[in-house]
Amino acid sequence: MNRFKGKTVVITGGNRGIGYAVAERFASEGANLVIASIEPQVEEAAAELRNSGAEAIGVICDVTRSEAVKTLYDRAEEAFGGVDISMQNAGIITIRKVEDLTENDWDATMAVNTKGVFLCCQEAITRMRKSGKGGRLINTASGQARDGFIFTPHYAASKMGVVGITQSLAKEVALEKITVNAICPGIIFSDMWDYNDKIWGEMLGDYAPGELMKDWVENKIPMKRAGTGKDVAGLVAFLASEDADYITGQTINVDGGLIMS
Ligand code: NDP
């Protein structure tokens, strides 16, 4: 399929994990890719996409800084003439008992997961409005936006904030052929999940590395498997496609049935 031929997709946190899997999916369907992250490895990830035949650039961008975000979308315009689809996916997590959670944990998490999503949406919408061609925004929330989990009140708040941003912006741009939706991944294999598995496992007690995921898979996820980046990419590609023309302001779980709401 070449559904996204000629479309330009910006993906923050696009160098690894869920973001890279989404980039691969869009690349396989003909899109131009602009992937962003804070580390210089983003350029290597873009080179891998080019090696697979895609048009792709990597941009170092800290999504917490508005000037850096502006530059990211400028780079997309310079390279490919604009942005059609923007996935706000960069995210961080720390896991601590409430008395150990620092002000810095709170501020850093809100800055990346919530403010970063807003700054990218703001920049993408501004440019989509100017072009008059419409567009698609997809924001990565989390199962924790539905049902916060233990030891992560800051992360749960940051992801619930993503749902609020999504709904407010969806209403503002509804008449401009721009849709804004959020996705809630459940347990998805990635570096972040490896960290979650280790730290939650230790803090909840009695879980060796990998055992927490095993317990969730066996006892909590109805489909009895963890998710992959490809599982998430399928949903994102759908939301970015013409098949999702009439879907906006929604928050959709991709979690094997872990949370049913
Ligand atoms: P990873 O830890 O594998 O990747 C996180 C990505 O975010 C990296 O690309 C990282 O860039 C980027 N990033 C972090 N801080 C910044 C910043 N300030 N500016 C720009 N980029 C930044 O995570 P996942 O792939 O697992 O997660 C992707 C998203 O999905 C996150 O929003 C996460 O909260 C969410 N999620 C993940 C779940 C899971 O089970 N994996 C479950 C629910 C939600 P760099 O490599 O340069 O550090």
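Conventions and cut-offs
Once a new chain begins, its residue numbering starts again from 1 and follows that chain's sequence as written. Note on the predicted model: pLDDT of at least 70 is required for a residue's local features to be given, and 80 or more for side-chain atom pairs to be given and counted; whole-chain, interface and lining totals, by contrast, use all residues. Side-chain numbers here rest on the full set of heavy atoms in the structure, without hydrogens or water. Where helices and strands are cited, they refer to DSSP runs of H or I of at least four residues and of E of at least two residues respectively, numbered from the N terminus. Atoms counted for the radius of gyration: C-alpha only. Globule rule: 2.2 Å times the number of residues to the power 0.38. Type-normalised accessible area, obtained with a 1.4 Å probe on protein chains alone, sets the label of each residue: buried when under 20%, exposed when over 50%, and partly exposed for intermediate values. Two residues form a contact once any of their heavy atoms are found within 4.5 Å. Surface accessibility follows the Shrake-Rupley procedure with a 1.4 Å probe radius. Residue values consider only the protein chains on display as shielding. Nearness is judged by heavy atoms alone; a residue qualifies as near a molecule or strand once a single heavy atom is within 4 Å of it. Polar contacts here mean pairs of N or O atoms no more than 3.5 Å apart (in protein, one a potential hydrogen donor and the other a potential acceptor; neighbouring residues in sequence count only if both atoms are side-chain atoms). Residues were grouped as follows: Ala, Val, Leu, Ile, Met, Phe, Trp, Tyr, Cys and Pro as nonpolar; Asp, Glu, Lys and Arg as charged; and all remaining residues, including Gly, as polar. Note: two strands are recorded as paired if DSSP finds a minimum of 2 bridges between them. Every crossover in which the path from the first strand over the helix to the second runs clockwise, viewed with the strands pointing away from the viewer, is termed right-handed. One side-chain nitrogen of Lys or Arg within 4 Å of one carboxyl oxygen of Asp or Glu is enough to make a salt bridge. Axis lines are fitted through C-alpha atoms, for helices just across the contact stretch, and the angle between N-to-C directions can take any value from 0 to 180 degrees. For classification, angles of less than 35 degrees are called roughly parallel, those exceeding 145 degrees roughly antiparallel, those between 65 and 115 degrees roughly perpendicular, and all remaining angles oblique. Each crossing is labelled by how the near helix is turned from the far one, with a counterclockwise turn of less than a right angle marking it left-handed and a clockwise turn marking it right-handed.

Caption draft 1: Structural view of the overall build of the chain. Looking only at helices and strands, the chain has eight helices and seven strands in total. Its C-alpha radius of gyration of 18 Å places the chain within 12% of the 18 Å reference for a compact globule of 261 residues. Across its three principal directions, the C-alpha atoms of the chain cover 55 × 35 × 35 Å. Counting over 261 residues, the chain shows a buried share of 53%. In the chain, of all internal contacts separated by at least 6 residues, the share reaching a separation of at least 24 is 69%. As displayed, the chain offers around 12,200 Å² of accessible surface, 51% of which is attributable to carbon and sulfur atoms.

Caption draft 2: Just the site of the ligand, in detail. Taken together, 28 residues form the shell around the ligand, and within it Asn15, Arg16, Tyr155, Lys159 and Ser190 come nearest. At 2.9 Å from an oxygen atom of the ligand is found a main-chain nitrogen or oxygen belonging to glutamate 39. At 3.0 Å, a side-chain N or O of aspartate 62 approaches a nitrogen atom of the ligand. Its free accessible area being 900 Å², the ligand has 94% of it covered by the protein chains. Counting only elements with at least two residues in the shell around the ligand, the list comes to helix H1 (17-28), helix H5 (153-173) and helix H6 (191-204). Per-class residue counts for the shell around the ligand are 13 nonpolar, ten polar and five charged.

Caption draft 3: Structural context of the pairing of strand E5 (residues 135-140). Of all six residues making up E5, six are buried, and the element is well covered by its neighbours. Of the two faces of E5, the one lined by Gly135, Leu137 and Asn139 and the one lined by Arg136, Ile138 and Thr140 are each fully buried. In this sheet, E5 lies alongside strand E4 (residues 85-88) in parallel orientation, the contact comprising four bridges. Its bridge partner being in E5, glutamine 88 is matched across the sheet by asparagine 139. Between the parallel pair E4 and E5, the chain is carried across by helix H4 (residues 103-131), and the sense of this crossover is right-handed. Looking at chain direction, E5 and strand E6 (residues 178-185) are connected through six bridges and run parallel. Counted as the bridge partner of arginine 136 is threonine 179 from E6. On the question of chirality, the crossover connecting E5 to the parallel E6 by way of H5 is right-handed.

Caption draft 4: Local environment of the pattern of salt bridges. Following the criterion strictly, the structure yields twelve salt bridges and no others. One salt bridge in this structure joins aspartate 74 and arginine 127, with 2.9 Å as the shortest N-O distance. Of this pair, aspartate 74 sits in helix H3 (residues 66-80) while arginine 127 sits in helix H4, and the two are 53 residues apart along the sequence. Assessed through its relative accessible area of 31%, aspartate 74 is described here as partly exposed. Judged by its relative accessible area of 12%, arginine 127 is buried. Because the salt bridges share partners, they merge into one network encompassing Asp74, Glu77, Glu123 and Arg127.

Caption draft 5: Local environment of the environment of glycine 148. Structurally, the position occupied by glycine 148 is in the loop between E5 and H5. Its relative accessible area of 39% is what places glycine 148 among the partly exposed residues. Taking the C-alpha atoms as reference points, glycine 148 and methionine 160, separated by twelve residues in sequence, lie 8.8 Å from one another. Leaving out residues up to four positions away in the same chain, glycine 148 has contacts with Ala156 and Met160.

Caption draft 6: Structural context of the packing of H1 against helix H2 (residues 41-51). Put simply, H1 and H2 touch, their axes get as near as 10 Å, and they point 25° apart. Judged by the angle between their axes, H1 and H2 are roughly parallel. As for the relative orientation of H1 and H2, their crossing is right-handed in sense. In contact with Tyr20, Ala23, Glu24 and Ala27 of H1, H2 contributes Ala45, Glu48 and Leu49. Looking at side-chain class alone, the contact of H1 with H2 contains five nonpolar, no polar and two charged residues.

Bear in mind that shape data such as this cannot, by itself, settle questions of function.
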